[in-house]
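# Residue-level structural notes
Residue-level listing of the chains:
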Amino acid sequence: KITTCVQKEVASSPQVLNVSSPSERNPEPTTVASDEELLKTPPKKRRRKDKSLKKKLQMNRIPWSEQFATIKIRPREISHMIQFFLCQLRAQYAEIVKVGNKNEFMISKKNDDRCGDSRRCAYNEFDCELGRYDESVSIMTENSIPGQDVASCQVLMKQFLLGKSATGDKWMPWHAALGEHERYLLQVVYQLPLLESHRERYVMSYAFSGSRDIELFETLFKPLFSVTASDEDRTLGQNIIYQPDVAFAENGILHKRYMAYRANGKKKLHTTSYQCHPPQGASGANFVYYIVDRTRRFVHLGHQAFDTIEQFIFGTKQSSLENSNNIIPKNQSLECDAATGLRLWKSLQSVLTSAHEIGPTMSKIFLVSTHLAYPKIKILDQSCGIGDGADAAFDYLFEGLQTNSRKRHDQRIDLFNKLYTHLTQGPPSQDKRQIPRFLHMLKWTATHTRNRFELNILPEALAHFITPYDLQVALCEWRKFRSTVDINCLLDTCLVLSSTLTDSNTTPKGAALDILLPTSPAVENAGKSLDDDRAIIPPVLVRTTEPASSSASSSSTDVVCSKSNK
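Residues numbered from 1 in each chain as written. Predicted model: local features only at pLDDT ≥ 70, side-chain atom pairs only at ≥ 80, totals over all residues. Heavy atoms only, no water.

What follows deals with the overall build of the protein chain. For the protein chain, the count of helices and strands is 23 helices and five strands. For the protein chain, long-range pairs separated by at least 24 residues make up 74% of all intrachain contacts whose partners lie at least 6 apart in sequence. As displayed, the protein chain has an accessible area near 25,900 Å², and 51% of this comes from carbon and sulfur atoms. (Helix = DSSP H or I, 4+ residues; strand = E, 2+ residues; numbered from the N terminus. Contact = heavy atoms within 4.5 Å. Areas by Shrake-Rupley, 256 points an atom, 1.4 Å probe, with all protein chains shown as cover.)

The next subject is the confidence of the model for the protein chain. With 70% of its residues at a pLDDT of 70 or more, the protein chain has an overall mean of 76. This model gives residues 502-566 a pLDDT under 50, and the stretch forms 128 contacts once residues within four places in sequence are excluded. (pLDDT = per-residue confidence, 0-100.)

Judged by nonpolar contacts, the single largest core of 140 residues is most densely connected at Met204, Phe221 and Leu475. In terms of residues, this core owes the most to one element, helix α6 (residues 75-97), which gives 13 residues. In contact with Leu475, not counting residues within four places along its chain, are Met81, Ala390, Ala393, Phe394, Leu397, Phe416 and Leu419. (Core = buried A, V, L, I, M, F, W, Y, C linked by side-chain atoms within 4.5 Å. Buried < 20%, exposed > 50% of the residue type's maximum accessible area, 1.4 Å probe, protein only.)

Positionally, Thr235 belongs in helix α13 (residues 231-242). Spatially, the C-alpha atom of Thr235 lies 9.8 Å from that of Phe225, the residues being 10 residues apart in sequence.

Turning to the side chain of Thr271, a few remarks are in order. Relative to the assigned elements, Thr271 resides in the loop between α15 (253-263) and α16 (285-314). A distance of 3.1 Å separates the side chain of Thr271 from the side chain of Asp169, its partner in a polar contact. Those residues in contact with Thr271 that lie beyond four places of it in its chain are Asp169, His181, Ser211, Arg212 and Asp213. (Polar contact = N/O pair within 3.5 Å; in protein donor to acceptor, adjacent residues only side chain to side chain.)

Right, let's talk about the packing of aromatic side chains for a bit. The tally for this structure, following the rule as stated, stands at 24 aromatic pairs. Plain terms: the ring middles of Phe298 and Phe366 are 5.5 Å apart, the flat faces sit at 80 degrees to each other, and that makes the pair edge-to-face. Taken as a pair, Phe298 in helix α16 and Phe366 in helix α18 (residues 360-373) lie far apart in primary sequence, 68 residues in all. By relative accessible area, which is 1% here, Phe298 ends up buried. Looking at Phe366, the relative accessible area reads 2%, which means it is buried. (Phe/Tyr/Trp six-rings, centres within 6.5 Å; stacked < 30°, edge-to-face > 60°.)

On to the state of the cysteines. All told, the structure shown has zero disulfides when counted by the stated rule. Cysteine Cys87 remains unbridged, with the sulfur of Cys153 as its closest cysteine sulfur at 4.0 Å. On the basis of relative accessible area, Cys87 is assigned to the buried category, the value being 4%. (Disulfide = S-S within 2.5 Å.)

Moving on, we come to the packing of α15 against α16. Packing of α15 against α16 brings their axes to within 10 Å, and their N-to-C directions diverge by 135 degrees. One way to sum up the angle between α15 and α16 is to call them oblique. As for the relative orientation of α15 and α16, their crossing is right-handed in sense. Residues His255, Tyr258, Met259 and Arg262 of α15 pack against Ala285, Phe287, Val288, Tyr289, Ile291, Val292 and Thr295 of α16. Within the contact of α15 with α16, the residues separate by chemical class into eight nonpolar, two polar and one charged. (Axes fitted to C-alpha atoms, helices over the stretch in contact; angles between N-to-C directions. Parallel < 35°, antiparallel > 145°, perpendicular 65-115°, else oblique. Left-handed = near helix turned anticlockwise from the far one by under 90°. Nonpolar A, V, L, I, M, F, W, Y, C, P; charged D, E, K, R; others polar.)

A full pass over the atoms with the stated rule returns 19 salt bridges. For Arg212, the salt bridge goes to Glu182, with nearest N and O atoms at 3.1 Å. Of this pair, Arg212 sits in the loop between α11 (198-208) and α12 (214-220) while Glu182 sits in helix α10 (residues 180-187), and the two are 30 residues apart along the sequence. Shared partners join several salt bridges into a network, and the residues in it are Asp245, Asp293, Arg294, Arg296, Arg297 and Glu357. (Salt bridge = Lys/Arg side-chain N within 4 Å of Asp/Glu carboxyl O.)

Let us look at the environment of Leu178. Relative to the assigned elements, Leu178 resides in the loop between α9 (154-162) and α10. Each C-alpha atom, one on Leu178 and one on Gln92, is 8.2 Å from the other, the two residues being 86 residues apart in sequence. Look past the residues within four positions of Leu178 in its chain and what remains in contact with it is Gln92, Ile96, Val97, Pro173, Arg183, Thr449, Phe453, Ile457 and Leu462.

In this section: the side chain of Gln472. Inspection of the secondary structure assignment puts Gln472 in helix α23 (residues 468-484). In this view, Gln472 contacts Lys364, Cys384, Gly385, Ile386, Gly387, Ala390 and Phe416; residues no more than four positions away in its chain are not counted.

For residues other than glycine, phi is negative in most cases, and the peptide bonds are mostly trans. For Lys378, which is not glycine, the phi torsion reads 60 degrees and is therefore positive. Mapped onto the elements of the fold, Lys378 is located in the loop between α18 and α19 (388-391). Its identity is not glycine, yet Cys489 carries a phi of approximately 55 degrees, on the positive side. The topology assignment puts Cys489 in the loop between α23 and β3 (495-497).

Next up on the list: helix α17 (residues 338-353). An α-helical segment advances 3.6 residues per turn. Residues three or four places apart therefore align on the same side. Compared with the 22 Å implied by 1.5 Å per residue over 16 residues, the 22 Å span of α17 between its first and last C-alpha is a close match. Of all the positions in α17, only Thr340, Gly341, Leu344, Trp345, Leu348, Gln349, Val351 and Leu352 are classed as buried. In this structure, the buried residues of α17 make contact with α11, α16, α18 and α21 (409-424). The opening residue of α17, the one whose side-chain oxygen lies 3.1 Å from the backbone nitrogen of Ala339, is Asp337. (Expected span 1.5 Å × (residues − 1).)

Take the packing of α17 against α18 next. Viewed as axis vectors pointing N to C, α17 and α18 meet at an angle of 135 degrees, and their least axial separation amounts to 10 Å. Regarding the angle of α17 to α18, the classification is oblique. In the crossing of α17 with α18, the sense of the turn from one axis to the other is right-handed. Packed against α17, whose contacting residues are Trp345, Leu348, Gln349, Leu352 and Thr353, the element α18 presents Ser363, Phe366 and Leu367 at the interface. Residues belonging to the contact of α17 with α18 are distributed by class as follows: five nonpolar, three polar and no charged.

Structure, rendered in structure tokens:
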């Protein structure tokens, strides 16, 4: 009788009923309740759920192939993303390429001068080159200063670069090789003097990934591979590579050094760039051993991954964890053709994801690090795995994408390949100004970056064109910027933002932000203070279509742009 009443209510109600089943109180991603089960649910419980649940359940039945054929790219979000990529190149040039001595590794610190006056000249150099390009192709209007639109974005980029999502080693510039962890691997770990073979260097990169904390590695691991290391330390270093179960044993030498490091006031044992997932109860001393054992497991995983690399390149394993005699010297190049590299990528992906505690993000990190160290094996030349951070960017970029439909790895790859093809081979419609402009500055920045790091980073790892792995990392940074800083989607080509722009979500009410906005593209004005360069050409004020929140200093956001824009 109850079932009959419910069926009549479903038939007579003009609204979508709130349907809830017991399984939805503990939902399983792959389980969808049948119609009979949904109808048996009491009406009172159904009303507590989302009104569109029934519609969502029906949409989830659409096969991925049909859904993928109908989704479309949002041009406005693409435009915003490319403008952010230009800002990333600008910050990369000023904050990394022009800082420090040639081939010197610089560690980011909380109290460094990021976005400060000391970076002024480098920012202006980038703006000058962009201005010259804009003048050569007449991309700006007669009332606009060439390159001014990107310079004005510093008001938002400063919030991003100094915010929680990009503090210290969390920030990844456009070139993935210049992320702090990747630079440390290429400039320090791979250059350790006592590492004699590709296998030893590769395995130590996995040992570094046990925590990816640079200060910890500098204190506990780097001295073991120095030319001044004691015999005991050299033996411990070799045990880390070839006898990890001995080196990382509980209450062993290395474990005690971890404990002493923690007791010395160093509370941080793991990077905050991504999360690790210790088991329940792993706190205090147990957390220390968790990191030690995690590093041991990653060393074993490094050997398995390098076995796979040798198998594809040489047709057989040249060395192994048990046999270190037939090692490949580090001066011998590892390379293969593109087809072999693609098969190797898929095989490495399978090896990594089958390991304990390795998900999409961690496997992507290992693969990107592998490609940057050995770009000639071409594992990421054609595509790249998608981590959880970049995955959320697809919600902004694609129209018609169903909720949770992108979570499977193969679906992520489909979406990423669609985006990559659009940026590199798509028809030049609304992107006819942006893409060539970005590519010009990418080539210019890559040339200076290669010269800065010519001894430690291979030029193939600093590409002057859009690569899958650089785009994947850049997607993650854009998602953070888009969702936390520029929630109103203000960035766009030729759109000049006001220097009084504020973000109500990240700054106090009415607080003005500094902006690096030169009055002309001349580099000789670089020595002036920020207050000397606030003059802007007579603007036309427009309002963004989406007003800012009520806590801002005005009811909507003012944007300065040229007369022909927007």
